[in-house]
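# Geometric and topological summary
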Amino acid sequence: MSFVNVAVIGVGNCVSSLVQGVEHYRDGDAPGLPNPVCAGYAVSQVRFTAAFDVGRAKLGQDLSQAIWTAPNNARRFADVPYLGVPVTEGILADGVGPGSSELIDPSGGATPAAVAAHLRETGSHVVLNFLPTGAQRAAELYAQAAIEAGCAFVNCMPAVLARSPEWRARFAAAGLPLIGDDLKSSFGATLVHRALVDALTRSGVHLTGGHQLLGGGNMDFVNLEDPARMRGKKATKAAGAGASVHVGAQYVPFMDDRKVAYIRLDGEGFGGSPLELELRLVVEDSPSAAGNALDAARHAKAALDRGVGGLLEEVSSTLMKAA
């Protein structure tokens with residue numbers, strides 16, 4: 001049996017849900033999984049081979065244990081056996097923001113060359129980037145390491161990689177697949193917002209504005225308290241919104257990994273008649289993204305198998321907020 005050997009960057013809530021999901025759906029028959037088989041690979045063919053982080057509390061732990069280490073607070077829905085994948089010191093750069101520095105004791109002295117060497121040693125095929133919003137430089141250094149190691153790269157956060165002509169060209173020249181930017185949830189605020197926009201505009205409604213206000217208690221929301229880091233998230237959230245949309249985020253500690261989204265759309269219908277739409281959505285944030293991450297990893301490996309390099313445009317447009 002061939003495998004999809006996955007390396008993860010940033011052992012946070014999303015990786016926790018992803019690792020649990022691979023165990024939970026190993027037999028492929030439980031509800032909630034978008035695609036039991038994707039790009040020719042079953043969930044049982046996905047395995048984790050490397051993990052990088054900069055939080056001292058997680059370094060050296062097996063991935064199966066590190067996913068439960070604070071400040072992680074994702075919902076527990078599967079028991080994960082020992083994986084034999086120690087969390088390795090990663091690249092710090094701009095990976096820890098002002099707010100999260102109070103919750104994480106950062107290390108991170110690795111270089112792209114060291115990361116690339118570890119990827120090669122572990123036989124990793126696909127690198128999934130789950131760095132926090134705003135870590136543009138760190139994301140670029142990991143992308144460089146993936147190219148040096150001959151790995152496909154999936155950018156699950158808002159750093160500009162798939163949208164960068166330079167990075168698309170670099171992955172194409174190396175013959176390596178690139179998917180990104182900023183992972184969609186299987187069912188989340190972006191999906192619902194864009195579905196509403198599509199339904200209204202197809203019916204002739206002229207959208208004039210609106211907002212998407214988000215609240216949650218995980219580390220993503222800690223980072224989004226920083227206006228500089230929030231700008232990157234706004235750019236991907238606003239793509240496809242169809243009008244001038246305000247995007248805001250608030251860290252609410254007691255919510256843990258739950259996210260609440262308040263979506264509003266204003267528009268004009270037939271004869272200029274006013275229209276107002278408001279919706280409230282509450283989801284567990286990280287599990288709702290794990291299914292798409294699982295699909296992205298399998299698509300990336302299938303492209304690697306076929307020798308397809310550069311941006312995977314169709315996959316990116318389906319699974320990512322901004323490509």
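Figured I'd write up the structure that's included with this text. Remember, predicted model here, so these are calculated numbers, not experimental data. (Residues numbered from 1 in each chain as written. Predicted model: local features only at pLDDT ≥ 70, side-chain atom pairs only at ≥ 80, totals over all residues. Heavy atoms only, no water.)

Quick look at the packing of helix α3 (residues 112-121) against helix α4 (residues 136-149) now. Where α3 meets α4, the axes come as close as 8 Å, and the angle between the chain directions of the two elements is 45°. Taken together, the axis directions place α3 and α4 in an arrangement best described as oblique. The chirality of how α3 crosses α4 is right-handed. Facing α3, whose interface residues are P112, A113, V115, A116, L119 and R120, α4 presents L141, Y142, Q144, A145, A146, E148 and A149. Residues belonging to the contact of α3 with α4 are distributed by class as follows: 10 nonpolar, one polar and two charged. (Axes fitted to C-alpha atoms, helices over the stretch in contact; angles between N-to-C directions. Helix = DSSP H or I, 4+ residues; strand = E, 2+ residues; numbered from the N terminus. Parallel < 35°, antiparallel > 145°, perpendicular 65-115°, else oblique. Left-handed = near helix turned anticlockwise from the far one by under 90°. Contact = heavy atoms within 4.5 Å. Nonpolar A, V, L, I, M, F, W, Y, C, P; charged D, E, K, R; others polar.)

Under the definition given, this model contains three aromatic pairs. The interplanar angle of 40° and the centroid separation of 6.1 Å between the aromatic rings of F153 and F171 together place this pair among those described as tilted. With a gap of 18 residues between them, F153 in strand β7 (residues 152-155) and F171 in helix α5 (residues 165-174) connect regions that are remote in the sequence. What makes F171 buried here is its relative accessible area of 1%. Taking 6.4 Å as the distance between ring centres and 45° as the angle between the ring planes, the aromatic pair formed by W167 and F171 counts as tilted. Of this pair, W167 and F171 both sit in helix α5, four residues apart, which is roughly one turn of that helix. Among the aromatic residues, those joined into a ring-pair cluster are F153, W167 and F171. One Lys or Arg, R47, reaches over the ring of F3 and ends 4.0 Å from the middle of that ring. (Phe/Tyr/Trp six-rings, centres within 6.5 Å; stacked < 30°, edge-to-face > 60°. Buried < 20%, exposed > 50% of the residue type's maximum accessible area, 1.4 Å probe, protein only. Lys NZ or Arg CZ within 6 Å of the ring centre and 35° of its normal.)

What follows is about the sheet that holds strand β9 (residues 206-216). Here four strands make up an open sheet; going across it, the order is β10-β9-β11-β12 and the pairing mixed. Looking at which strands have only one partner, the edges of the open sheet turn out to be β10 (245-251) and β12 (274-284). The average angle at which neighbouring strand axes cross in this sheet is 10°, direction not considered. Where strand β11 (residues 258-268) lies against β12, 11 bridges are found, and the strand directions are antiparallel. Its bridge partner being in β12, E268 is matched across the sheet by P274. Contacting β9, β10, β11 and β12, helix α6 (residues 189-202) runs over the sheet at an angle of about 15° to β11. (Pairing = 2+ DSSP bridges.)

Before going further, it helps to spend a moment on the packing of helix α1 (residues 13-24) against helix α9 (residues 287-306). One way to put it is that α1 packs onto α9 with a least axis distance of 8 Å and a crossing angle of 65°. It follows from the interaxial angle that α1 and α9 lie roughly perpendicular. α9 is crossed by α1, and the crossing has right-handed handedness. Contacts from S17, L18 and V22 of α1 reach α9 at P287, A290, A293 and L294. Class assignment for the residues of the contact of α1 with α9 results in six nonpolar, one polar and no charged.

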